[in-house]
Amino acid sequence: DVKVTQSSRYLVKRTGEKVFLECVQDMDHENMFWYRQDPGLGLRLIYFSYDVKMKEKGDIPEGYSVSREKKERFSLILESASTNQTSMYLCASSPTSGGIGELFFGEGSRLTVL
Amino acid sequence: AQSVAQPEDQVNVAEGNPLTVKCTYSVSGNPYLFWYVQYPNRGLQFLLKYITGDNLVKGSYGFEAEFNKSQTSFHLKKPSALVSDSALYFCAVRVSHYNQGGKLIFGQGTELSVKP
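Let us look at the structure shown here. (Residues numbered from 1 in each chain as written. Chains lettered and ligands numbered in written order. Predicted model: local features only at pLDDT ≥ 70, side-chain atom pairs only at ≥ 80, totals over all residues. Heavy atoms only, no water.)

**Describing the interface of chain A and chain B**
The interface of chain A with chain B comprises 25 residues on the first partner and 25 residues on the second. Carbon and sulfur atoms make up 52% of the surface buried where chain A meets chain B, a total of about 2,100 Å² over both sides. Where chain A touches chain B, the interface holds two salt bridges. For E102 of chain A, the salt bridge is made with K49 of chain B, and the minimal N-O distance between the two is 3.4 Å. Taken together, the links from chain A to chain B amount to seven residue pairs in polar contact (both at pLDDT 80 or more). For the side of chain A that touches chain B, the secondary-structure elements that each account for two or more residues are β5 (31-38), β6 (42-49) and β10 (87-94) of chain A. (Contact = heavy atoms within 4.5 Å. Buried area = accessible area lost by both parts, 1.4 Å probe. Salt bridge = Lys/Arg side-chain N within 4 Å of Asp/Glu carboxyl O. Polar contact = N/O pair within 3.5 Å; in protein donor to acceptor, adjacent residues only side chain to side chain. Helix = DSSP H or I, 4+ residues; strand = E, 2+ residues; numbered from the N terminus.)

Structural data, given as structure tokens:
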């Protein structure tokens, strides 16, 4: 079965802390994505990556960075967490060859910044 | 701008009745359209997609969706709702990128509530 694993389901951090959200997929997918989900706003794309060491800004990249050192792992970094980054974060992956953009999602990481 | 709209924040139906969750889109070129479902505190699960061909697409859990090019709509339907269908539903459209992978733009979501 397709598997996207997010390392933490629930996190509570303090304002100003550096936060790492980790995502690993076991499907050998080229593409990986980070979305944030907020009520009434749906899913908004933060960053995505089409290959190792490559990254592209999504619609709301401010305050975030990403790292993709290996094909299976895509990390989201909050350099200095702020309360407005309290949200549900969803990682997803998709294949390029033979795929038509269908995404496979992890279970999500709910981050609370105090 | 390319976008997806789900005009209803919430849809309420009685168990056994048909359900419809609405979605409209705005894209350049031929659309690739998707429906996902999310249960509480879980990630999104793929339900179905439209790429080309028959306008009526069948998916998981008895759901289907009707693509209407003239109305730029892709409504999700089920003939007989179950209480277990209660969840948050997202419509999405693929936006092409110079890389063939593309990315998905999501609607704001519709909360479906099915009462016994």
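Now that the structure is up, let's keep going.
**A word on the state of the cysteines**
This model, assessed by the stated rule, comprises two disulfides over all chains. Between the sulfur atoms of C23 of chain A and its disulfide mate C91 of chain A the distance is 1.9 Å. Looking down the S-S bond of the C23 of chain A and C91 of chain A bridge, the torsion is -75 degrees, so its handedness is left-handed. Of this pair, C23 of chain A sits in strand β4 (residues 23-25) while C91 of chain A sits in strand β10, and the two are 68 residues apart along the sequence. The same class applies to C23 of chain A as to C91 of chain A, namely buried. Across the disulfide, C23 of chain B is cross-linked to C91 of chain B (sulfur-sulfur distance 2.0 Å). Its S-S torsion of about -65 degrees marks the bond between C23 of chain B and C91 of chain B as left-handed, since a negative value means left-handed. You can see C23 of chain B sitting in the loop between β3 (19-21) and β4 (24-26) and its partner C91 of chain B sitting in strand β10 (residues 87-95), a full 68 residues away along the chain. For the pair C23 of chain B and C91 of chain B, a shared accessibility class is recorded, and that class is buried. (Disulfide = S-S within 2.5 Å. Buried < 20%, exposed > 50% of the residue type's maximum accessible area, 1.4 Å probe, protein only.)

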